[in-house]
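These are the residues of each chain, in order.
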Amino acid sequence: MNIFLTGGAGFIGFHTAMALLGRGHRITAVDEVNAYYDPRLKEARLAELQKNPGFRFVRTDIAAPGALAAAAGGERYDLILHLAAQAGVRYALKDPAAYTRSNLVGHHNVLEFARTHPGLAHLVYASSSSVYGNDTVAPFSENARADKPVSYYGATKRAGELLSYSYAGLYGLKQTGLRFFTVYGPFGRPDMAYWSFTDLILKGQPIPVFGGGKLRRDFTYIDDIVAALVRIVETPYPQADDVPHRVYNLGNSHPEDVLGLIATIEQATGKKAIINHTEGPAGDVRETYADIARAAADFGFAPHVPLSEGIPRFVEWFRQYHNLP
Ligand SMILES: NC(=O)c1ccc[n+]([C@@H]2O[C@H](COP(=O)([O-])OP(=O)(O)OC[C@H]3O[C@@H](n4cnc5c(N)ncnc54)[C@H](O)[C@@H]3O)[C@@H](O)[C@H]2O)c1
């Protein structure tokens with residue numbers, strides 16, 4: 001397949017592109033390589049991807065008018081995988097406009113690009129567990145209303161789903177939205193707790209822990225997410241009588257609390273954490289917990305990697321990447 005990928009320098013985009021290229025697909029990726037976290041990590045991911053002759057990269061802002069059509073370079077794509085976004089719950093308290101730009105304007109530009117792209121079979125895009133807020137009964141089902149997001153990030157991701165639904169209904173644009181649950185692993189994101197905790201524990205510095213360490217997250221290993229993405233990309237969109245738009249939870253369906261995460265990192269690093277209990281900022285939900293029955297039924301989704309295996313793999317990569325003993 002010829003695939004157009006947004007967010008190709010990002011954590012999930014990088015791993016998914018590596019897997020798809022390995023399976024013989026061709027990829028044109030766009031990313032603005034912004035400095036939300038250290039862009040050198042994004043460049044390191046791109047350097048890996050650029051070793052593959054089936055990979056083409058265009059540095060551009062998906063929210064800029066005409067940027068996607070220009071990046072397409074006159075090629076025909078079978079599928080668009082839209083993963084670019086302003087991610088992170090807390091940064092939305094500092095710079096909400098970044099979320100409006102990338103997740104609303106950018107998402108709409110992707111929809112217009114997809115709608116007008118001749119012969120496009122399917123648009124797959126990233127949503128988030130953050131759409132569920134605090135009032136959804138766990139485990140979270142895709143049938144929940146999800147209309148009370150706690151964070152502005154979650155609100156933009158839910159809005160993206162609704163924008164997508166309208167395009168599916170109005171234009172028959174076939175779409176799949178994926179609600180990822182706390183994805184972690186090698187080449188991961190420095191803004192996420194598993195990364196900063198590992199960093200601080202290895203440096204012997206205190207780690208700030210919110211909510212008494214009782215916040216629970218459905219930590220999902222990157223390889224499990226990539227396996228699902230490959231399946232979803234390679235499976236033709238089914239004939240639908242209804243609006244051709246569907247959403248899936250992709251999570252581990254096994255939440256763990258933050259103290260459990262810390263204990264797992266302590267074991268993997270062989271170092272004791274110094275815990276500094278503190279008041280957290282607004283926007284963090286108490287728990288995320290995916291009901292994955294729908295993805296299991298339609299794609300055989302079955303996450304295999306528990307936190308106790310995934311964290312040691314991450315720590316090993318982290319040490320190598322930073323040249324630590
Ligand atoms: N990692 C997770 O735990 C998680 C959980 C839920 C949802 N998601 C979603 O999955 C997707 C991928 O997340 P990730 O963890 O790989 O994040 P990431 O931040 O590593 O990747 C996103 C990429 O998008 C790029 N980008 C942002 N705005 C852009 C713009 N306007 N134009 C071009 N590029 C832009 C960034 O430079 C970045 O490289 C995102 O949509 C995110 O919201 C991730």
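Residues numbered from 1 in each chain as written. Predicted model: local features only at pLDDT ≥ 70, side-chain atom pairs only at ≥ 80, totals over all residues.

Q: Can you lay out the overall build of the protein for me, pointing to particular residues and giving the numbers?
A: The number of helices and strands found in the protein is ten helices and 13 strands. Taken over C-alpha atoms, the radius of gyration comes to 19 Å for the protein, in line with the 20 Å a tight globule of 325 residues would show. In terms of principal-axis extent, the alpha carbons of the protein reach across some 55 × 45 × 40 Å. Per-residue burial for the protein yields a buried fraction of 46% across its 325 residues. (Helix = DSSP H or I, 4+ residues; strand = E, 2+ residues; numbered from the N terminus. Rg over C-alpha atoms; globule rule 2.2 N^0.38 Å. Buried ≥ 20, exposed ≤ 12 C-beta atoms within 10 Å, placed from the backbone.)

Q: Tell me what's going on with the domain arrangement of the protein, and back it up with residues and numbers.
A: How big an interface is tends to be reported as the loss of accessible area on association of its parts. We note that the domain assignment places domain 1 (2-185 + 219-250) and domain 2 (193-216 + 253-289 + 305-321) within the protein. Each of domain 1 and domain 2 has a C-alpha centre, and these two points are 26 Å apart. Contacts between domain 1 and domain 2 engage 20 residues on the former and 18 residues on the latter. Of the residues assigned to the side of domain 1 that touches domain 2, the class counts are eleven nonpolar, six polar and three charged. (Domains from an automatic or database assignment. Contact = placed C-beta atoms within 7 Å. Nonpolar A, V, L, I, M, F, W, Y, C, P; charged D, E, K, R; others polar.)

Q: Outline the packing of helix α1 (residues 11-22) against helix α2 (residues 39-49), supporting the account with residue identities and numerical values.
A: Here α1 crosses α2 at 5°, and the two axes come no closer than 10 Å. Relative to α2, the element α1 is oriented roughly parallel. Listed contacts from α2 to Phe 14, Ala 17 and Met 18 of α1 are Arg 45, Glu 48 and Leu 49. Across the contact of α1 with α2, the residue classes break down as four nonpolar, no polar and two charged. (Axes fitted to C-alpha atoms, helices over the stretch in contact; angles between N-to-C directions. Parallel < 35°, antiparallel > 145°, perpendicular 65-115°, else oblique.)

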